[in-house]
Amino acid sequence: MIPLDANDKKILMILQENAQLTHKEIAKLLGLSLTATYERIKRLEKFKVIKKYVALIDREKVDRGLLVLCQISIKEQSHDKLKDFERSLLKLDEVIECYYVAGNYDFSLKIVIKDMAAYQNFVITRLSTLPNVSNVQSTFIMSELKYDTKIGLPD
């Protein structure tokens, strides 16, 4: 972990809000020189504090209106079986987040898909056929109350 000063944190907050700002615009917001701002951003990228820049897509506008939280139990916990499952799961474009968890289930997934019929087909033909799957439980999101990717940083 690299130390972050107040200006680094401000840069991160600004970029989380709008990653399309130019280095010049960010420098002006911070009251820093363009060179200093550029060097700070490059340092944050080099040390993977900034992992990548992305566009957030409106699911509804690309015909992916159904959001599902899915819990997966697997049959066997051996290293090889887990890795086989993980490799197979990573190939599923419908799965936008995946977490290996402790508790009643082994994996928690966030899935975006067109509709209930498409989800049913996805579960039957693709998800439940992955290696080592023993149980699939789904929770269907009725409405999103909060959707944000911004990580708050203490002063």
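Scroll up to find the structure.
Residues numbered from 1 in each chain as written. Predicted model: local features only at pLDDT ≥ 70, side-chain atom pairs only at ≥ 80, totals over all residues. Heavy atoms only, no water.

> Go over the sheet that holds strand S1 (residues 66-74), please, and point to the residues and values.
Within the open sheet, the 4 strands sit side by side as S2-S3-S1-S4. Their pairing is antiparallel. Either end of the sheet is taken by a strand with one partner, and the two such strands are strand S2 (95-100) and strand S4 (133-140). Across the sheet, the axes of successive neighbouring strands diverge by a mean angle of 20°, strand direction being ignored. Summarising the sheet, S1 and S4 pair through 7 bridges and their orientation is antiparallel. (Pairing = 2+ DSSP bridges. Helix = DSSP H or I, 4+ residues; strand = E, 2+ residues; numbered from the N terminus. Axes fitted to C-alpha atoms, helices over the stretch in contact; angles between N-to-C directions.)

> Now, about a nonpolar patch on the surface: what can you tell me, with residues and values included?
Taken together, the side chains of Val-54, Leu-56 and Tyr-147 make up a nonpolar region of the molecular surface, amounting to roughly 320 Å² of accessible area. Here Val-54 lies in the loop between helix H3 (34-46) and S1. We classify Val-54 as exposed; its relative accessible area is 55%. (Patch = residues over 30% accessible without salt bridge, like charges linked within 9 Å, V, L, I, M, F, W, Y side chains within 5 Å. Areas by Shrake-Rupley, 256 points an atom, 1.4 Å probe, with all protein chains shown as cover. Salt bridge = Lys/Arg side-chain N within 4 Å of Asp/Glu carboxyl O. Buried < 20%, exposed > 50% of the residue type's maximum accessible area, 1.4 Å probe, protein only.)

> Give a description of the pattern of salt bridges that names residues and reports values.
Oppositely charged side chains can pair when the atoms bearing their charge come close. If you walk through the whole model with that rule in mind, you get 12 salt bridges. Residue Glu-45 pairs with Lys-42 through a salt bridge whose shortest N-O separation is 3.0 Å. Taken together, the residues span about one helical turn, with Glu-45 and Lys-42 both in helix H3 at a distance of 3 residues. Exposure remark for Lys-42: the relative accessible area of 35% places this residue in the partly exposed category. Salt-bridge contacts for Arg-59 lead to Glu-144; the nearest nitrogen and oxygen are separated by 3.9 Å. Of this pair, Arg-59 sits in the loop between H3 and S1 while Glu-144 sits in the segment after S4; the two residues are 85 residues apart in sequence, bridging distant segments of the chain. Ionic contacts of the salt-bridge type, sharing partners, join the residues Asp-5, Asp-8, Arg-40 and Arg-43 into one network.

> Explain the packing of aromatic side chains to me, using residue names and the numbers behind them.
Aromatic ring pairs are described here by two measures, namely the spacing of the ring centres and the angle between the planes. Inspection of the entire model under this criterion finds 4 aromatic pairs. When the centroid spacing of 6.3 Å and the interplanar angle of 35° are considered together, the rings of Tyr-119 and Phe-122 count as tilted. Of the two residues, Tyr-119 and Phe-122 both sit in helix H5 (residues 116-127), 3 residues apart, roughly one turn of that helix. Across the pair, exposure class does not vary: Tyr-119 and Phe-122 are buried alike. Relative to Phe-140, the ring of Tyr-119 has its centre 5.5 Å away and its plane inclined at 90°; by these criteria the two rings are edge-to-face. Of the two residues, Tyr-119 sits in helix H5 while Phe-140 sits in strand S4, which places them 21 residues apart along the sequence. According to the relative accessible area criterion, Tyr-119 is buried, its value standing at 3%. Grouped by ring-pair contacts, the aromatic residues Phe-85, Tyr-100 and Phe-107 constitute a single cluster. (Phe/Tyr/Trp six-rings, centres within 6.5 Å; stacked < 30°, edge-to-face > 60°.)

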